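# Working through the structure, step by step
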Amino acid sequence: MTRILGPWETFLLVVLVLIYAANAWISPEFLTLQNQVNLFQLSIEKVTIALVMAFVIINAEIDLSVGSMMGLSACAFATLVGEAGVPAALACLLCLGVGLAGGFLNGWFVARMGLPSLVVTLATLIGFRGVARILLEDRSIGSFPDWFAALGQRGLIGPIPLGLLSFVLLFVLLYVVLERGGFGRKTYVIGVSRDVAEFAGLDTARHKILIFMASGLVAAYAGLLFAARVGAVRGDVGQGFELDIITMVLLGGVSIFGGSGTLTGVGLAILIVLSLRNGMSLMNVTGHIQTGVVGLLLIASVLIPRLGTRLARRSPA
Amino acid sequence: MTRLSPGTLRILALLLVLVLVGAFFASQIDNYLNARLFNRISSSVAIVALIACGQTLVILTRNIDLSLGAIVGFSAYATGALVTTAPDLHPILLALGSLAIGAGFGLVNGLLVAYAGVPSIIVTLAAMAIFRSALVEFSGAQSITTDDLPQWLVDFPNLPLFTVAGLQFRAAFVAAVVIVVLVHLALTRLRPARALYAVGSNPDAAEMAGIDARRTVLAAFVAAGALAGLAGLFFLARFGNITVVAGLGFELKSIAAAVLGGVSINGGSGSVIGALIGAVLVDLIENSLVRWDVVSEFWREAVLGLLILSAVTADALLMRRLTRLRIRREKAAAPATKEATP
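Residues numbered from 1 in each chain as written. Chains lettered and ligands numbered in written order. Predicted model: local features only at pLDDT ≥ 70, side-chain atom pairs only at ≥ 80, totals over all residues. Heavy atoms only, no water.

Applying the stated rule across the entire model yields nine salt bridges over all chains. We note a salt bridge from R133 of chain A to E301 of chain B, for which the minimum N-O separation is 2.8 Å. Remark: E301 of chain B occurs in helix α13 (residues 300–333) and R133 of chain A occurs in helix α6 (residues 117–136); the pair is interchain, linking two chains. As a salt-bridge pair, D236 of chain A and R234 of chain A come within 2.8 Å of each other at their nearest N and O atoms. Overall, the relative accessible area of 30% leaves D236 of chain A in the partly exposed class. (Salt bridge = Lys/Arg side-chain N within 4 Å of Asp/Glu carboxyl O. Helix = DSSP H or I, 4+ residues; strand = E, 2+ residues; numbered from the N terminus. Buried < 20%, exposed > 50% of the residue type's maximum accessible area, 1.4 Å probe, protein only.)

On to helix α5 (residues 120–139) of chain B. Residue and element names in this part refer to chain B. Its 20 residues place the ends of α5 27 Å apart at the C-alpha level, agreeing with the 28 Å of an ideal helix rising 1.5 Å per residue. Burial within α5 is extensive, with 16 of its 20 residues counted as buried. At the exit of α5 stands G140, carrying a positive phi of roughly 60°. (Expected span 1.5 Å × (residues − 1).)

Here the focus is the pairing of strand β1 (residues 160–164) of chain B. Residues and elements named next belong to chain B. By the bridge criterion, four bridges tie β1 to strand β2 (residues 167–170) in an arrangement that is antiparallel. Directly across from F162, in β2, lies its bridge partner F169. From the end of β1 to the start of β2, which pair antiparallel, there are two residues, and A165 there has a positive phi angle of about 50°. (Pairing = 2+ DSSP bridges.)

Residue and element names in this part refer to chain B. An ideal rise of 1.5 Å per residue puts 33 Å on 23 residues; helix α1 (residues 6–28) measures up with 33 Å between its terminal C-alpha atoms. For α1, the complete set of buried residues consists of I11, L14, L18, V21, G22 and F25. Buried-residue contacts for α1 involve α11 (250–260) and α12 (272–291). (Contact = heavy atoms within 4.5 Å.)

Inspection of every chain in the model, using the stated rule, returns 23 aromatic pairs over all chains. A ring pair is formed by F38 of chain B and F173 of chain B, whose centres lie 6.2 Å apart and whose planes are at 80°; its orientation type is edge-to-face. Separated by 135 residues along the polypeptide, F38 of chain B in helix α2 (residues 35–60) and F173 of chain B in helix α7 (residues 171–189) bring together distant segments of the chain. Members of the aromatic cluster, each reached through a chain of ring pairs, are F74, Y77, F105, F131 and F138 of chain B. The ring of F241 of chain A has K46 of chain A sitting right over it, with the charged end atom 4.6 Å from the ring centre. (Phe/Tyr/Trp six-rings, centres within 6.5 Å; stacked < 30°, edge-to-face > 60°. Lys NZ or Arg CZ within 6 Å of the ring centre and 35° of its normal.)

The next thing to look at is unusual backbone geometry. All names here are of chain A. Of note, A60 is a non-glycine position whose phi angle comes to about 65°, a positive value. Position of A60 relative to the elements: it lies in the loop between α3 (44–58) and α4 (66–82). Positive phi outside glycine occurs at S143, with the angle close to 50°. Inspection of the secondary structure puts S143 in the loop between α6 and α7 (146–153). Exposure remark for S143: the relative accessible area of 70% places this residue in the exposed category.

In this structure the tally under the stated criterion is zero disulfides over all chains. C95 of chain A supplies the cysteine sulfur nearest to C92 of chain A, a cysteine that is in no disulfide, at a spacing of 6.7 Å. (Disulfide = S-S within 2.5 Å.)

So, about the packing of helix α5 (residues 88–112) of chain A against helix α11 (residues 204–230) of chain A. To characterise two packed helices, one gives the angle between the axes of the helices and the distance between these axes. All names here are of chain A. Between α5 and α11, whose axes approach to 7 Å, the crossing angle comes to 145°. Crossing angle aside, the handedness with which α5 passes α11 is right-handed. In terms of residue class, the contact of α5 with α11 is built from 16 nonpolar, five polar and three charged. (Axes fitted to C-alpha atoms, helices over the stretch in contact; angles between N-to-C directions. Left-handed = near helix turned anticlockwise from the far one by under 90°. Nonpolar A, V, L, I, M, F, W, Y, C, P; charged D, E, K, R; others polar.)

Residues and elements named next belong to chain A. Under the feature "transmembrane region" (unreviewed entry), the UniProt entry names residues 40–57, 64–82, 88–111, 118–136, 156–178, 209–228, 248–273 and 285–304. For the annotated span residues 118–136, helix accounts for 100% and strand for 0% of the residues, and the straight-line distance between the end C-alpha atoms is 27 Å. Secondary structure content for residues 285–304 is 90% helix and 0% strand, while the C-alpha to C-alpha distance between its ends is 25 Å. (UniProt positions renumbered as here; feature names shortened; annotations may be inferred.)

See below:
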């Protein structure tokens, strides 16, 4: 049992139960199935991207461009369907291709050129957003095919929409890959030390590029989910999402320096951030303040473990 | 003949790029090089240069500050509110006030980065959101308008100090350039400021040389915050109307200016003069794209992203070649007595 729930995960579980209890106490509606589905549905893009961001950060890199890639994919879809008359299914495939290409671009500059991922993805954060703005300028495009909107807005199995279903499937898939497969183990090893992994004969550059491509792919998919869910797309789709996404991952116990963290922790952190935001909305706290609280949470999630280890080192065992 | 240092070479190369970009747009746009272009760019650079200068101080120590835009916004609003309630406040006091506000925010960032050991990207990404929500709370979602401000403040950015060849040098621009030059002199001449380079090049070696690396990083964040605070006052004076989104995106623009200006993202190398020229370059391109018929003004961000990527790539390739050259030279010199020339 301790293997699945480390001390940090247990701590997160306790916090989560407390927030759920508080929310349920404030509003009896909170615990209904519909509200729980809505909870995810309102942030489905962020939580989906967070799962892959965990891989990126465990691998000791960071991808700040996911929000912009999401916007680029949504804008490309809107332009293709709304203005060029491309069939929506084909447009979806093309957008996912854009995601893969953008991820490859990030990965190539990081892994082959040896540039810090912080700078590369900061540049593509501006650049991808720029391309999205070139496509849509200051327009807003809506009116997508009915089946596409239905995928984003209606339940696919019972009340559960496609986004939530794909999130659960992706979680299970990535959990298996990270905890059970060779790919996951390589991700940890490279995250601990790229040099050591290189000496052990791993193709670290290829591995990093693959992870960035996965990040781009999932961000592009999230952009499509957004287009389907909201039904209209503007140039600023996904702006600033990186804050929530990175907070979820780091709060989940993934080390910002790479090499450690579990998907269980990230899953719990996702629930904490979602229910905390939902609870603040129930108490009529504005969006700006909510974002500030998430910011505090981000600092706390890195600060508390550090203080913990420092105290542990000081007191003689 | 004295040999040029790599830093000087880099700035000369940057000036060349600046001239080439200007020449390109001059050939594309009719009546391009005129006094209006100079005024527009210099008023914008007056604000960005201060932020880029602060960003450079932070990047020199191997850190980054994403919260500078939010600090600019908060300071613009707070100084606006201050001068509205006390219109007779002396300009110097107001400037000091803006510096203090910014320094306060910088202190929070610096303490968390230097003494709590939280990486700067995390601290300042969070701080960006926290400072912005502090602004929303503080302002109560009210705006400040030009009518609230005293006349001297509104006049300040457009006040011509002197004219060279028909080009007006206005007060805010001149002030910003003077500040950047002062910071540059401090960085090159003063011992405590040199510590920024030492810490950025190698924090362990700096510690062994008796430099307090933590205090140096803290000082960099405080100085960056203070400069962003002053930039907030300039922002207030230039635009007059301040809402809660004031200063949004300046953090990215300042990083772009610094990186284009040859400040190494790995810390320890670069100059604020480079960042100033980088800021001019960014503004020149932005202002020119708006007037260029071939592309729409919405190309701005895409071009900016591409520029940053090419600047860091060019830098990395150059560094790689230099390192290879040095290794080859050292191998050649190995049999003889080694005289290291860094």
